[in-house]
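# Results of the structural survey
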Amino acid sequence: MKRLALHWQITIALVLGFVWAYVASSMGWMDVTLQWIDPFGTVFLRLLKMIAVPLVAVSVMRGVASLGDIRQLGQLGVRTLLLYLGTTIAAVSIGLLLVNVMQPGTRADLAQRERNHAAYESWRANPDSPGSPGNSQTTAAPATIPDTEGPLQPMIDMIPDNVVGAFSEAAMLQIIAFAILVGVAMILVPAERTKPITDLLMALDGIFLKIVELIMRGAPFFVFCLVAGKVGGLAGDDPSRLLGMFETLGWYSATVVLGLVLIIGVVYPVLIKIVRPDVSIRSFFTAMAPAQTLAFSSSSSAATLPVTLECVRDRLGVQQRTAGFVLPIGATINMDGTSMYQAVVVVFLAQFHMIDLSLTQQLTIVLTATLASIGAAAVPSGGLVTLILVMQSVGLNPAWISFVVPVDRLLDMGRTVVNVTGDAAVCAAVDRWVE
Ligand code: ASP
């Protein structure tokens, strides 16, 4: 009998995970689930993260070194960044358009919105007052950003002052910066002197990818545990909480989901059709299915990266030198789903508090949501943390994000799928220019 393809096995495991979470929460099996099932999900994420750092370092070094020409590296870099920026701005614009048309924040009860507005006025008069749920906790985060940081601080942060430190903290941008430098130096040093390292990197790459393959063999089981544990944790002992979450925040969730569907169903296919007419949309999505199902269950582009690399190289046929360079950068800085979601949340919360945002404020959102998604960590709820900055940029109370927290994990699963798919679409596009 033919074995079911891995992504179908993972999809079935996902569904079973949801069913288990629902049943366990109705039957009072939550303790057992959290103590005996959830830990396997955590082990799975750890395994993937464990391999992500060495794999990224080796891929980027190999990717850059194999370009063989510094000029080509420059062109590749510029095209990659422009495409990443372009897809992110398209995503934020879709979010803004949808949230302005669907107006999810105005669907709430008028009395509730008037109360919200009064709370907003008193918060504006006295921003330090508690006033809103979760205030003290959520407003604490931006305070950790020291005032002394100038506009070029992100550039400084990209350069590690200690390579070992960068690896031990899994600081992806720093690791990528170091790896690019090693790759560039390998191009400049005569090939016969770098040969042992080139061979070593090739061998390591093969070994690390084999490890990913081994981990993925257990993926259906691990994904079941992950979803059962995480979704079960949301439901607690009351399964109606899961349905209730969607009911209260239904219009908002529908707007985000529609935005995600439009990005995946329109933006990426158009990009591929224009830049890579030789790649069929169908084969693109078939190739990406394992990475997408994993992104959905893990809510982490970083944890999915090893599998994204494998899908793009081995299933889609993108050259190693392109994938090794474009994908690790994308997993860190390109998050179209996250930026679209941030635009929707901010306008939704403004509507919910009866606040009109001017055109200038909406344009500010395009800018800050783009930057905030670049700065977001590729981990579960990474986008929720940097959302605080977008809220502040248009003068809204960051504490309000607690309104959307209940459905955040579920929407995070969807936006991570978009983030990972976007990296792959740009990677396939850029590969056209790599000889
Ligand atoms: N979980 C997302 C990712 O890893 C980031 C976010 O939107 O929270 O891509």
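First things first, this report covers the structure right here in the doc. (Residues numbered from 1 in each chain as written. Predicted model: local features only at pLDDT ≥ 70, side-chain atom pairs only at ≥ 80, totals over all residues. Heavy atoms only, no water.)

## Remarks on the overall build of the chain
- Broken down by element type, the chain carries 19 helices and zero strands.
- In terms of C-alpha radius of gyration, the chain reaches 22 Å, essentially the compact-globule figure of 22 Å for 435 residues.
- In terms of overall dimensions, the chain has C-alpha extents of about 75 × 55 × 45 Å along its principal axes.
- By residue count, 53% of the 435 residues in the chain fall in the buried class.
- Taking as baseline every contact in the chain between residues at least 6 positions apart, the subset at least 24 positions apart corresponds to 84%.
- Total accessible area computed for the chain in this model is approximately 19,600 Å², and 67% of it derives from carbon and sulfur atoms.
- Put simply, the chain has 26 plus and 29 minus side-chain charges, and the middle of one group is 10 Å from the middle of the other. (Helix = DSSP H or I, 4+ residues; strand = E, 2+ residues; numbered from the N terminus. Rg over C-alpha atoms; globule rule 2.2 N^0.38 Å. Buried < 20%, exposed > 50% of the residue type's maximum accessible area, 1.4 Å probe, protein only. Contact = heavy atoms within 4.5 Å. Areas by Shrake-Rupley, 256 points an atom, 1.4 Å probe, with all protein chains shown as cover. Lys, Arg positive; Asp, Glu negative; His and termini not counted. Charge placed at Lys NZ, Arg CZ, Asp CG, Glu CD.)

## Here's the deal with the packing of aromatic side chains
- Counted according to the given criterion, the structure contains 13 aromatic pairs.
- Between Phe44 and Phe222 the ring centres are 5.0 Å apart and the planes differ by 10°, which places this aromatic pair in the stacked class. Within this pair, whereas Phe44 is found in helix H2 (residues 30–65), its partner Phe222 is found in helix H10 (residues 219–235), the two being separated by 178 residues in sequence. The two residues Phe44 and Phe222 agree in class, both being buried.
- An aromatic cluster is built from Phe40, Phe44, Phe221 and Phe222, whose rings are joined through pairwise contacts.
- Stacked on the ring of Trp251, the Lys or Arg Arg107 has its end atom at 3.8 Å from the ring centre. (Phe/Tyr/Trp six-rings, centres within 6.5 Å; stacked < 30°, edge-to-face > 60°. Lys NZ or Arg CZ within 6 Å of the ring centre and 35° of its normal.)

## Here's the deal with the side chain of Thr194
- Relative to the helices and strands, Thr194 is located in helix H9 (residues 191–217).
- Exposure remark for Thr194: the relative accessible area of 11% places this residue in the buried category.

## Description of unusual backbone geometry
- In the Ramachandran plot, Met354 falls in the positive-phi region, its phi being about 55° despite a non-glycine side chain.
- With respect to the helices and strands, the residue Met354 is situated in the loop between helix H16 (336–352) and helix H17 (359–375).
- Look at Ser381: it is not a glycine, yet its phi comes out positive at around 65°.
- Considering the arrangement of structural elements, one finds Ser381 in the loop between H17 and helix H18 (382–393).
- On the accessibility criterion, Ser381 (25% relative accessible area) is partly exposed.

## Notes on the site of the ligand
- Taken together, 15 residues lie near the ligand, and Ser301, Thr338, Gly383, Asp412 and Arg415 sit nearest.
- For the ligand, a nitrogen atom lies 2.9 Å from a polar atom in the backbone of Ser299.
- A distance of 2.7 Å separates a nitrogen atom of the ligand from a polar atom in the side chain of Asp412.
- About the coverage of the ligand: the protein hides 100% of its 270 Å² of free accessible area. (Near = heavy atom within 4 Å. Polar contact = N/O pair within 3.5 Å; in protein donor to acceptor, adjacent residues only side chain to side chain.)

## Section: the pattern of salt bridges
- Going through the model one piece at a time under the given rule, you end up with 10 salt bridges.
- A salt bridge links Asp205 to Arg313, with the nearest nitrogen and oxygen atoms 3.1 Å apart. Linking Asp205 in helix H9 with Arg313 in helix H14 (residues 301–315), this pair joins segments that are 108 residues apart in sequence.
- The network of salt bridges with common partners includes Arg62, Asp205 and Arg313. (Salt bridge = Lys/Arg side-chain N within 4 Å of Asp/Glu carboxyl O.)

## Some details on the environment of Asn397
- Along the chain, Asn397 falls in the loop between H18 and helix H19 (405–431).
- In this structure, the C-alpha to C-alpha distance between Asn397 and Ser381, residues 16 residues apart in sequence, is 19 Å.

## Focus on the side chain of Thr421
- Tracing the backbone shows Thr421 in helix H19.
- Take Thr421: its relative accessible area is 0%, and that puts it in the buried class.
- Not counting residues up to four positions away in its chain, the partners in contact with Thr421 are Ile264, Tyr268, Phe284, Phe285 and Gln292.

## Concerning the environment of Leu14
- In this fold, Leu14 is placed in helix H1 (residues 6–27).
- The exposure class assigned to Leu14 is buried, which follows from its relative accessible area of 7%.
- In contact with Leu14, not counting residues within four places along its chain, are Val223, Val227, Thr293, Phe296 and Ser297.

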